[in-house]
Amino acid sequence: MRHGDVPGVMDIEKRSFTSPWGAHLFHEEVDRDFSHPVVAVDEETGRVVGYIIFWVVYDECHILNIAVDPERRRQGIGEALMRHCEEVARAKRVPYIYLEVRESNRPAISLYKKLGYRFFGLRRGYYTDTKEDALVMAKFLRRE
Ligand SMILES: CC(C)(COP(=O)(O)OP(=O)(O)OC[C@H]1O[C@@H](n2cnc3c(N)ncnc32)[C@H](O)[C@@H]1OP(=O)(O)O)[C@@H](O)C(=O)NCCC(=O)NCCS
């Protein structure tokens, strides 16, 4: 992700979340040393079709945000973004990846389960807009 991608990212963000991030938060991630903000781009149109943001700090990898253009879902883009994150984490020899997800978010939970993430904990009232609980899901990466 570059600063110039942020308008395309915001277009997806606003259509994907009830409490979307503001554009300034994406700009901050682009500038942050330990953040990995990554976009998936349609080769034909050059448009942003999805993105993931994850942090690698010491021995942890934390996924902060992932979304795919609503018109481009169920085409494997989300899975490709998640696999990219895992590749980076493995290359950096990070032992595990974790994330928070709304307990009502079935598509995302299905994606994470398919990729081997398991329930790891609960953060009560984590989402301040709806007071919904967050499920913490994690994947432990075995050294191969
Ligand atoms: C979650 C999200 C990123 C998935 O992106 P996607 O590109 O549609 O996902 P993929 O096409 O790569 O799907 C991979 C797997 O995820 C699961 N999955 C994805 N969408 C699903 C849905 N609507 N229902 C059930 N399972 C789903 C399936 O197991 C799927 O594998 P399959 O196609 O072989 O069945 C997308 O739905 C999204 O942007 N949601 C809104 C933002 C969001 O909630 N982000 C997560 C915050 S924690």
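Residues numbered from 1 in each chain as written. Predicted model: local features only at pLDDT ≥ 70, side-chain atom pairs only at ≥ 80, totals over all residues. Heavy atoms only, no water.

A.B. asks: With reference to specific residues and values, describe the site of the ligand.
C.D. replies: Of all residues adjacent to the ligand, which total 20 residues, the nearest are Ile66, Val68, Gly78, Glu79 and Asn105. One nitrogen or oxygen atom from the main chain of isoleucine 66 is found 2.8 Å from a nitrogen atom belonging to the ligand. About the coverage of the ligand: the protein hides 77% of its 920 Å² of free accessible area. Secondary structure elements with two or more residues in the shell around the ligand: strand 3 (60-68), helix 3 (77-91), strand 4 (96-102) and helix 4 (106-114). (Near = heavy atom within 4 Å. Polar contact = N/O pair within 3.5 Å; in protein donor to acceptor, adjacent residues only side chain to side chain. Areas by Shrake-Rupley, 256 points an atom, 1.4 Å probe, with all protein chains shown as cover. Helix = DSSP H or I, 4+ residues; strand = E, 2+ residues; numbered from the N terminus.)

A.B. asks: Describe the sheet that holds strand 4, with residues and values.
C.D. replies: Spatially, 1-2-3-4-6-5 is the arrangement adopted by the 6 strands of the open sheet, whose pairing is mixed. The open sheet terminates on both sides in strands that have one partner only, identified here as strand 1 (35-41) and strand 5 (118-127). With strand direction ignored, the average angle separating the axes of adjacent strands in the sheet is 25 degrees. Relative to strand 4, strand 3 runs parallel, the two being bridged by 4 bridges. What sits directly across from histidine 62, in strand 4, is tyrosine 98. Packed onto the sheet, helix 3 meets strand 1, strand 2 (48-57), strand 3, strand 4 and strand 6 (132-140) and runs at close to 160 degrees relative to strand 3. Relative to strand 4, helix 4 is tilted by about 160 degrees, and along the sheet it contacts strand 3, strand 4, strand 5 and strand 6. (Pairing = 2+ DSSP bridges. Axes fitted to C-alpha atoms, helices over the stretch in contact; angles between N-to-C directions. Contact = heavy atoms within 4.5 Å.)

Such coordinate-based values are descriptive only and should not be taken to indicate function.
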